[in-house]
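Commentary on secondary and tertiary structure
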Number of protein chains: 2
Amino acid sequence: MTCEGYLKLCERSREVYLIRSVAAVLTWDLETYIPSKAVEYRADQLSYLEAKAHTLFTDTAVGDWLAASEQYGFNPDSEEYANIREWRRAYDRATKIPVSLVEEFEKTRTLARDAWIRARNESNFREFEPHLEKIVQLTRKKADLWGYEESIYDALIEDYEPGIRAGQIKPVLEDLRIALVNLLGEIREESVAENFLDGDYPRAGQMALSEQIAEALGYDFAAGRIDSTAHPFATSLGPCDHRITTRYNEKRFEVSLYSIMHETGHALYEQGLRADRAGLPQGEAVSLGIHESQSRLWENHVGRTPQFWNRWHATACKYLPDLKRFSAIEVARGVQRVAPSYIRVEADEVTYDLHILLRFELELALVEGHIRVRDLPDAWNARFKELFGLTVPNDSLGVLQDIHWSHGLIGYFPTYTLGNLNAAQLMFAAEQQIPGLQDQLAEGHYQSLLLWLRKNIHQHGRRYLPAELVCHATGETTHAKYRIEYLRKKYSL
Amino acid sequence: MTCEGYLKLCERSREVYLIRSVAAVLTWDLETYIPSKAVEYRADQLSYLEAKAHTLFTDTAVGDWLAASEQYGFNPDSEEYANIREWRRAYDRATKIPVSLVEEFEKTRTLARDAWIRARNESNFREFEPHLEKIVQLTRKKADLWGYEESIYDALIEDYEPGIRAGQIKPVLEDLRIALVNLLGEIREESVAENFLDGDYPRAGQMALSEQIAEALGYDFAAGRIDSTAHPFATSLGPCDHRITTRYNEKRFEVSLYSIMHETGHALYEQGLRADRAGLPQGEAVSLGIHESQSRLWENHVGRTPQFWNRWHATACKYLPDLKRFSAIEVARGVQRVAPSYIRVEADEVTYDLHILLRFELELALVEGHIRVRDLPDAWNARFKELFGLTVPNDSLGVLQDIHWSHGLIGYFPTYTLGNLNAAQLMFAAEQQIPGLQDQLAEGHYQSLLLWLRKNIHQHGRRYLPAELVCHATGETTHAKYRIEYLRKKYSL
């Protein structure tokens, strides 16, 4: 005997997924190939699709099917139970916000994004300030409607990292901060060097090299492709269509290579989800923190290492002859250089999480009402000085650098650091469980690692909460010590 | 006082247009960049969208709004009246076919297409025969449901060329046949030459040349782009997004150049439709025969001429140095060569319409029941011998060469010839009405011609029936004499 409501939910969930996958095709095209005059109507197409998907999923019938499914008594260990749990979370969150608030928020962030672009160009926070105030106000309103127990921040991060709480993130980031600041102090002056690898690296050679490496990592080009965009990203356009993008800098080959390794990490996760569960929570990535662990693992733990360059140096020199100026070890040293800098997206592995810590502290204080939006630039600059020892010269290089807040994404930043922590923790566990893993990686054999990730992370989709998933794979929930140990081993001299 | 039903129809029509424009993005991606494993799910996405659009448009409410609008008493000369006429035609046709027949037809042609590919590869008509029999049977069933007065063929061609009848096409094609066969006889032996222009034409140079020419013709790259596909096409992804594709043959530059000029002609039509009427009949191309007139006009009347090569020869030599072997006049002679051949899509201007005549006669006889599917290859080969003087060596070069019938497209072929006829007739009228047009074209100034087409064809959308539109622009309905005169002047020696 089957549960009718559950079957209906599966069907509706697959329909919503299909509509969103259609929107993903349109968004991919918007970022890659769309002609300029077509952008305006593309926005109409996308908002039509999103409204359809939203309406279908927040239908009262969905509430009835959910209630029936919850009463049916599925085994708590079953896939069905997990699917229902995930639908319930999504349904309650979506239906708790009145349509008027959704519309007001959309309008606000559209205007905010425009204002942010102007403000950043002019390095003038005051231009952005009223918009950010509105965003914070509406965000708090949404969080109140969603509800929370300890911190209002908990209601926000739930969108990106289900089940985690600000109170859990705080001590982890504090441990990390202490370790990173110490480590930075230890790293000798000369590692803060210029980009000595800069040279002449034709785009065609960069493309060929990156594609060969992505394929070696296990990326399936028959279910994906690489294009070029202003900002690299990975996206899924269907159960067998996981595309990535990169950007090319002909002076600096690392830009495309490591963005492709990063996005390949995301795409390998998506390609490892169960295609036969596409459209159901079981076939969906579980959280941003887990997603980012996959990208960081392949980019940094696999890619930014001497072993990697021992394996790929000769190949890279074939495609990019200007690299012959350097030995494999020199290239590795170049791509591993550490240098405190103002911009998060250009940060090295050691300082990266300090950028996140700064943002987490500030957005937490903002939504909890401990600082005012108007005081944000001063707070940013003061804390930046403490963490990095640098004086922020202007707001473009400071509080205005990221797009997230203008997009209404508050509670998102910590997932970057969770990704870093999970990457280190997963890599540690993989090394324990796969005999000779480092030897395999040194030889350019990545299958064992990929299979381990498929088995322990990818195939589960949203079956478990992110913290449970990490616990199953590594024996404990996310902890900073693995990352600290990894960075210390890699960078301390 | 406004007509409520009419406003509702406008809204619904725009919604259906939006969904179909979304499908057009997905189809464009399917033809250009999709990874192979993603094709299967893409079919699901597309059939979902088509079903949604179909359901929305065949809603009984649409019938009510139509009835109310028809009774409202709009002026027969008004835009509203024409929109209602077009919706009525589309609504009646869509609702006359039961969903079960639509589904059976879709399934049949999906299987037929597969069988056709196999049959063509093996040059084995028997493999395709049962599928084509089914298609003809279902097509006749649909035509009977749609209804017709004289020929069953009339019900079919209505999809592609509203208002025209087989009885009107027949005498026109017969006039054309006599003239073409005479002309072919007159053309001297040596013009039936090898492709003497063949050489070494790198793809990058072909792209640069074609883009410069497309831009000179008036193609707006801010509302379009050119990509590469196996079969060139033009498509609209929204009111300001009209893309074209081409294919490159590095031995034969004409393949990309003339396919781009052809598709640019289609795209110029779409770019000339009123964007403020997007989603309404008034903002839509009127018929395939008119569409094809635009592509043929730019490709052949503008592009395959000595004047064109006088203007572009130096530029072409810059991008394609191997062209320096030839003078402008020699290039023009090369791209104008006439040679009876087996394959329609490779045919020259003089023999092209004989290929269409053959298909028209056969498909007319098929649906009218005068020949059987099993006798088609013999009938094809016999008539081909009469028309071209050539013996068809196998069915791949004969009855199996075109995809149309396997797709269920019966009644479509004559629109190619209507396009040719309209192109010549429009060009004749334009020359009468634009002082010094040929001088302008010789200098590479195409704006006057484009503006004339915008004013007389593009901006009207579906305001008039195709025959009326041609009549308004040229003073009479489509007639073969302009094309005959044009070909005689261009090719008779």
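Since the model is a prediction, treat every value here as computed from it, not as a measurement. (Residues numbered from 1 in each chain as written. Chains lettered and ligands numbered in written order. Predicted model: local features only at pLDDT ≥ 70, side-chain atom pairs only at ≥ 80, totals over all residues. Heavy atoms only, no water.)

The next thing to look at is the overall build of chain A. Helix and strand counts for chain A stand at 20 helices and 3 strands. Against the 2.2 N^0.38 benchmark of 23 Å for 493 residues, chain A shows a C-alpha radius of gyration of 23 Å, consistent with a compact globule. With the principal axes as the frame, chain A shows a C-alpha extent of 65 × 55 × 50 Å. By residue count, 56% of the 493 residues in chain A fall in the buried class. For chain A, long-range pairs separated by at least 24 residues make up 72% of all intrachain contacts whose partners lie at least 6 apart in sequence. Of the accessible surface of chain A, which amounts to about 20,700 Å², a share of 51% is contributed by carbon and sulfur atoms. Counting 57 positive and 72 negative side-chain charges, chain A places the centres of these two groups 1 Å from one another. (Helix = DSSP H or I, 4+ residues; strand = E, 2+ residues; numbered from the N terminus. Rg over C-alpha atoms; globule rule 2.2 N^0.38 Å. Buried < 20%, exposed > 50% of the residue type's maximum accessible area, 1.4 Å probe, protein only. Contact = heavy atoms within 4.5 Å. Areas by Shrake-Rupley, 256 points an atom, 1.4 Å probe, with all protein chains shown as cover. Lys, Arg positive; Asp, Glu negative; His and termini not counted. Charge placed at Lys NZ, Arg CZ, Asp CG, Glu CD.)

Attention now moves to the interface of chain B and chain A. Residue-level contacts link 36 residues of chain B with 36 residues of chain A. Inspection of the region where chain B meets chain A yields 8 salt bridges. For the pair chain B and chain A, the interface holds 16 residue pairs in polar contact (both at pLDDT 80 or more). Only α1 (4-32), α2 (39-58), β2 (234-238) and β3 (241-246) of chain B provide two or more residues apiece to the side of chain B that touches chain A. With 10 residues, α1(B) is the single largest residue contributor to the side of chain B that touches chain A. Here the side of chain B that touches chain A is built from residues that sort into 21 nonpolar, 5 polar and 10 charged. (Salt bridge = Lys/Arg side-chain N within 4 Å of Asp/Glu carboxyl O. Polar contact = N/O pair within 3.5 Å; in protein donor to acceptor, adjacent residues only side chain to side chain. Nonpolar A, V, L, I, M, F, W, Y, C, P; charged D, E, K, R; others polar.)

Moving on: the packing of helix α16 (residues 414-433) of chain B against helix α20 (residues 481-491) of chain B. Residue and element names in this part refer to chain B. One can describe the packing of α16 onto α20 by two numbers: an axis separation of 7 Å at closest approach and a directional angle of 80 degrees. Taken together, the axes of α16 and α20 are roughly perpendicular relative to one another. Residues N420, L421, A424, Q425 and F428 of α16 pack against Y482, R483 and Y486 of α20. Partitioned by chemical class, the residues of the contact of α16 with α20 number 5 nonpolar, 2 polar and 1 charged. (Axes fitted to C-alpha atoms, helices over the stretch in contact; angles between N-to-C directions. Parallel < 35°, antiparallel > 145°, perpendicular 65-115°, else oblique.)

This brings us to the sheet that holds β3(B). Residue and element names in this part refer to chain B. The strand order β1-β3-β2 describes an open sheet built from 3 strands, whose pairing is mixed. One side of each edge strand has no neighbouring strand; the edge strands of this open sheet are β1 (226-228) and β2. Adjacent strand axes in the sheet meet at a mean angle of 30 degrees, parallel and antiparallel pairs treated alike. Sheet topology note: the β1/β3 ladder contains 3 bridges and is parallel. (Pairing = 2+ DSSP bridges.)

What follows deals with the relation of the copies chain B and chain A. Look at the two chain copies: a rotation about an axis and a shift along it is all it takes to match them. Mapping chain B onto chain A calls for a screw motion: a turn of 180 degrees about the axis and a shift of 0.1 Å along it, with 0.1 Å RMSD after fitting. Such values leave the two copies arranged in the relation of a two-fold axis. Taken together, the interface assignments show that 100% of the residues at the interface of chain B recur at the interface of chain A, consistent with an identical surface on both copies. (Least-squares fit on C-alpha atoms with pLDDT ≥ 70 in both.)

Residue and element names in this part refer to chain A. With their axes 8 Å apart at the nearest point, helix α12 (residues 306-319) and helix α13 (residues 328-335) run at an angle of 130 degrees to one another. In terms of axis orientation, α12 runs oblique to α13. α13 is crossed by α12, and the crossing has right-handed handedness. Contacts from P306, W309, N310 and H313 of α12 reach α13 at A328, I329, V331, A332 and V335. Of the residues belonging to the contact of α12 with α13, the class tally is 7 nonpolar, 2 polar and no charged. (Left-handed = near helix turned anticlockwise from the far one by under 90°.)

Within this structure, the stated rule accounts for 80 salt bridges over all chains. Between B:R243 and A:D29 there is a salt bridge, with the nearest N and O atoms lying 2.8 Å from each other. With one member in each of two chains, B:R243 in strand β3 and A:D29 in helix α1 (residues 4-32) form a pair that bridges those chains. There is no split in this pair, since B:R243 and A:D29 are both buried. In this structure, the salt-bridge partner of A:D375 is A:R372, at a minimum N-O distance of 3.0 Å. Through salt bridges that share partners, A:R85, A:E86, A:R89, A:E158, A:R165, A:E284 and A:R462 make up one connected network.

What follows concerns helix α18 (residues 447-456) of chain B. Residues and elements named next belong to chain B. Three or more residues of α18 are buried, namely L449, L450, W452, L453 and N456. Seen end-on, α18 carries its buried residues on one side only, within an arc spanning 160 degrees. Facing away from the buried side of α18 by more than 90 degrees, the exposed set consists of L451 and K455. Where the residues of α18 are buried, they touch α9 (203-217), α10 (254-272), α11 (288-302), α16, α17 (437-442) and α19 (466-474). (Arc of directions from axis to C-beta.)

What follows deals with the sheet that holds strand β2 (residues 234-238) of chain A. Residues and elements named next belong to chain A. Within the open sheet, the 3 strands sit side by side as β1-β3-β2. Their pairing is mixed. Each end of this open sheet is capped by a strand with a single partner; those strands are β1 (226-228) and β2. Across the sheet, the mean angle separating the axes of adjacent strands is 30 degrees when strand polarity is ignored.

Moving on, we get to the packing of aromatic side chains. The tally for this structure, following the rule as stated, stands at 51 aromatic pairs over all chains. Relative to A:W309, the ring of A:F253 lies with its centre 5.9 Å away and its plane at 85 degrees, an arrangement referred to as edge-to-face. One end of the pair, A:F253, is in the loop between β3 (241-246) and α10 (254-272); the other, A:W309, is in helix α12, with 56 residues separating them in the sequence. Given the relative accessible area of 1%, A:F253 is considered buried. Taking relative accessible area as the criterion, A:W309 reaches 0% and is therefore assigned buried. Centre to centre, the rings of B:Y6 and B:W87 are 5.6 Å apart; their planes meet at 55 degrees, and the pair counts as tilted. Taken together, the residues span a long stretch of sequence, with B:Y6 in helix α1 and B:W87 in helix α4 (residues 79-96) at a distance of 81 residues. On the accessibility criterion, B:Y6 (9% relative accessible area) is buried. For B:W87, a relative accessible area of 3% translates into the label buried. Among the aromatic side chains, those forming a connected cluster through ring pairs are A:Y160, A:Y352, A:W380, A:W405, A:Y412, A:F413 and A:Y416. The side chain of A:R243 reaches across the aromatic face of A:W28, ending 4.4 Å from its centre. (Phe/Tyr/Trp six-rings, centres within 6.5 Å; stacked < 30°, edge-to-face > 60°. Lys NZ or Arg CZ within 6 Å of the ring centre and 35° of its normal.)

All names here are of chain A. Summarising burial for β3: 6 of the 6 residues are buried, a large majority. Alternating residues of β3 divide into D241, R243 and T245 and H242, I244 and T246, and every residue in both groups is buried. With 4 bridges connecting them, β2 and β3 associate as antiparallel partners. Bridging across to β3, A234 finds its partner in I244. Connecting β2 to the antiparallel partner β3 that follows it, the hairpin turn spans 2 residues.

With that settled, the discussion passes to the environment of B:E349. All names here are of chain B. By the secondary structure assignment, E349 is in helix α14 (residues 349-367). A sequence separation of 26 residues divides E349 from D375, and the C-alpha atoms of the two residues are 29 Å apart. Excluding residues that lie within four positions of it along the chain, E349 makes contacts with N300, R304, R483, Y486, L487, K490 and Y491. Of note is the side chain of E349, whose polar atom sits 2.9 Å from the side chain of K490. Within the local environment of E349, its side chain forms a polar contact with the side chain of Y491, the two groups lying 2.8 Å apart.

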